[in-house]
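Spelled out from the first residue to the last, the chains are:
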Amino acid sequence: PFGQIPLLEVNGKPLPQSFAICRYLAREFGFVGDSPFEAAWVDAIADQWSDYFNEIKTALFSYVGFVKGDKEQMKKDIAEPARDKFFPLLEKIAKDNHSNGHFVGASLTWVDLLIAEHVSVLLKYMPGFLESYPSVLATVKSTMPSYKLTYFDARGRAEVARQLFHLAGIPYEDIRIQRPDWPALKAKTPFGQIPLLEVDGQPLPQSFAIFRYLAKEFGFAGGSPFEAAWVDAIADQQKDYLSEIRPALMVYLGMAQGDKEQLVKDVAIPARDKFFTLLEKIAKDNGSNGHFVGHSLTWIDLMLADHVSVLLKHLPGFLDGYPTVLATVKKIESIPKLKEWIDKRPDTMF
């Protein structure tokens, strides 16, 4: 009718305009508020959000890729002022509603869904953007997925997932089990392995599957499908390398016995020279810009940086022949939000 979508058709009759559709469906299905006054407040917040969205959308569209522009400048000039105008109001609304998991009343309304969806988009493209609004985040959490990550009390195969959660500002349960507890839990996991991610109670095994899922959810998978494919390619190449270097690394980590010096000579150095020569070239070909793929942080940056930190902890100087890799890792680890996590995380052997 208006030359726009979305369009809802009810018994063949069209209804345009997203808010009109939301209000109609909310009335039909019981998500409009428990009284006329609550319904009016739902409308008021939705209309206020619409004003805010008109202010922030130019910046947001640049992050989503709909328009071109200087993202950081738009964030400073457009997104932050719009945020600081709207979200203080929303923070007060959440608190005044007794921080009960809803913005209006004591039951789910369509404005809860509207706000939660928008917040999830903001956090995907601008991690940490809403840290100053804890009541809003806590309220949104009630309508966002719940995450539970289970692994041993070590960085290991779960560390990248933990870093992704921290970078995105998404709350989760960080379950760290002790070795004696593992046999009882093993039979309850899909593949008899950890890490295990649970999303709203649904299990997801395998570390790389977990990393890819979270990276896609939170905006760390790559700036394009081709970049995401290159992230996967490097990750798979690293997996091959880890299979080669593992016998030596296990001895240095104290998880196996053997002649350390001989294993470095016979196992670690050949594996290193095969993989890190490729990685050095990849870092250079990417412009030595502080990332291994593209121009923004990806989960492969996190995985490689963490592995390098383990190597250098147990084998100082082992990577001196790969200066571009070391410089790239240094830039990754200096990202303020990531450095914050590294500084506060539990100190473990690996």
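A quick note: this is a predicted structure, and the numbers were derived from the prediction, not measured.

Rules used throughout
- Each chain has its residues counted from 1, running along the sequence as written.
- Reporting in this predicted model follows two pLDDT cut-offs: at least 70 for local features of residues, and 80 or more for side-chain atom pairs to be given and counted; totals over whole chains, interfaces and linings ignore these cut-offs and use all residues.
- Each side-chain value is worked out from all heavy atoms of the structure, with water and hydrogens disregarded.
- Where helices and strands are cited, they refer to DSSP runs of H or I of at least four residues and of E of at least two residues respectively, numbered from the N terminus.
- The span you would expect from a helix comes to 1.5 Å times its residue count less one.
- Note on exposure labels: buried denotes an accessible area under 20% of the residue type's maximum, exposed denotes more than 50%, and partly exposed covers the range between, all computed with a 1.4 Å probe on protein chains only.
- Contacts are residue-level and defined by heavy atoms, with any inter-residue pair within 4.5 Å sufficient.
- UniProt positions are given in the numbering used here, feature names are shortened, and annotations may be inferred rather than shown by experiment.
- The directions from the helix axis to the C-beta atoms form the arc being described.
- N or O atoms closer than or at 3.5 Å make up a polar contact, with two conditions inside protein: a donor-capable atom paired with an acceptor-capable one, and, for residues adjacent in sequence, both atoms drawn from side chains.
- Among buried residues, those of type Ala, Val, Leu, Ile, Met, Phe, Trp, Tyr and Cys that are joined through side-chain atoms within 4.5 Å constitute a nonpolar core.
- Pairs were defined over the aromatic rings of Phe, Tyr and Trp, the Trp ring being its six-membered one, requiring ring centres within 6.5 Å. Orientation was assigned from the angle between planes: stacked under 30 degrees, edge-to-face over 60, tilted for the rest.
- Two conditions define a charge sitting above a ring: the NZ of Lys or the CZ of Arg must be within 6 Å of the ring centre, and it must be within 35 degrees of the ring normal.

Side note on helix 1 (residues 18-29)
For helix 1, with twelve residues, the first-to-last C-alpha span of 16 Å sits near the 16 Å given by 1.5 Å per residue. When we look at burial in helix 1, the residues that qualify are Phe19, Ile21, Arg23 and Ala26. In this fold, the buried residues of helix 1 make contact with strand 1 (7-10), strand 2 (13-16), helix 2 (36-64) and helix 4 (110-125). The first or second residue beyond helix 1 is glycine 30, which carries a positive phi of 90°.

Points about the UniProt feature "domain: GST N-terminal" (unreviewed entry) in the chain
Annotation from UniProt places "domain: GST N-terminal" (unreviewed entry) at residues 1-33 and 145-222. In residues 1-33, the share of helix is 36% and the share of strand is 24%. The end C-alpha atoms are 28 Å apart. Taken end to end, residues 145-222 has its terminal C-alpha atoms 22 Å apart, with 35% of it in helix and 24% in strand.

Let's talk about the UniProt feature "domain: GST C-terminal" (unreviewed entry) in the chain
As recorded in UniProt, the feature "domain: GST C-terminal" (unreviewed entry) lies at residues 35-164 and 224-350. Summarising residues 35-164: 65% helix, 5% strand, and an end-to-end C-alpha distance of 41 Å.

A few points about helix 5 (residues 134-141)
All of the buried residues along helix 5 are Ser135, Val136, Thr139 and Val140. Seen from one end, helix 5 has its buried residues packed into an arc of 135°, which puts them on one side. Among the structural elements, helix 3 (71-96) and helix 4 are those in contact with the buried residues of helix 5.

Description of unusual backbone geometry
Isoleucine 5 connects to proline 6 through a cis peptide bond whose omega is 15°. In this fold, proline 6 is placed in the segment before strand 1. Residue isoleucine 194 is joined to proline 195 through a cis peptide bond whose omega torsion reads 20°. As for its position among the elements, proline 195 is in the loop between helix 7 (182-186) and strand 5 (196-199). Backbone geometry places histidine 98, a non-glycine residue, at a positive phi of 70°. Its place among the elements puts histidine 98 in the loop between helix 3 and helix 4.

With respect to the side chain of arginine 155
Tracing the backbone through its elements, the reader meets arginine 155 in the loop between strand 3 (147-152) and helix 6 (159-168). In this structure arginine 155 comes out as buried when scored by relative accessible area, which is 9%. Reaching out from arginine 155, the side chain makes a polar contact with the side chain of aspartate 306 at a distance of 2.8 Å. Ignoring anything within four residues of it in the chain, the contact list for arginine 155 reads Arg162, Asp306, Ser309, Val310, Arg345, Thr348 and Phe350.

So, the nonpolar core
The biggest cluster of nonpolar side chains holds 106 residues, and the ones touching the most others in it are Phe87, Phe103, Phe276 and Trp299. Non-local contacts of phenylalanine 103, meaning those with residues more than four positions away in its chain, are made with Ile45, Leu90, Ile93, Ala94, Asn97, Val111, Asp112, Ile115, Val136, Thr139 and Val140.

A look at the packing of aromatic side chains
Taken as a whole and judged by the stated rule, the model has 22 aromatic pairs. Each ring, one from tyrosine 241 and one from phenylalanine 276, has its centre 5.7 Å from the other, and the planes form 90°; the classification is edge-to-face. On the criterion of sequence distance, the pair formed by tyrosine 241 in helix 9 (residues 225-252) and phenylalanine 276 in helix 10 (residues 260-285) is long-range, its members being 35 residues apart. Residue phenylalanine 276 is classed as buried on the basis of its relative accessible area, which comes to 1%. For the ring pair phenylalanine 276 and tyrosine 322, a centre distance of 5.8 Å and an interplane angle of 45° mean the geometry is tilted. Taken together, the residues phenylalanine 276 in helix 10 and tyrosine 322 in the loop between helix 11 (299-314) and helix 12 (323-333) connect sequence positions 46 residues apart. The structure contains a cluster of three or more aromatic residues connected by ring pairs, namely Phe19, Trp49, Phe53, Phe61, Phe66 and Trp110. One Lys or Arg, arginine 83, reaches over the ring of phenylalanine 129 and ends 4.5 Å from the middle of that ring. When the ring centre of phenylalanine 318 is taken as origin, the NZ or CZ atom of arginine 272, which lies over that ring, is 4.7 Å away.

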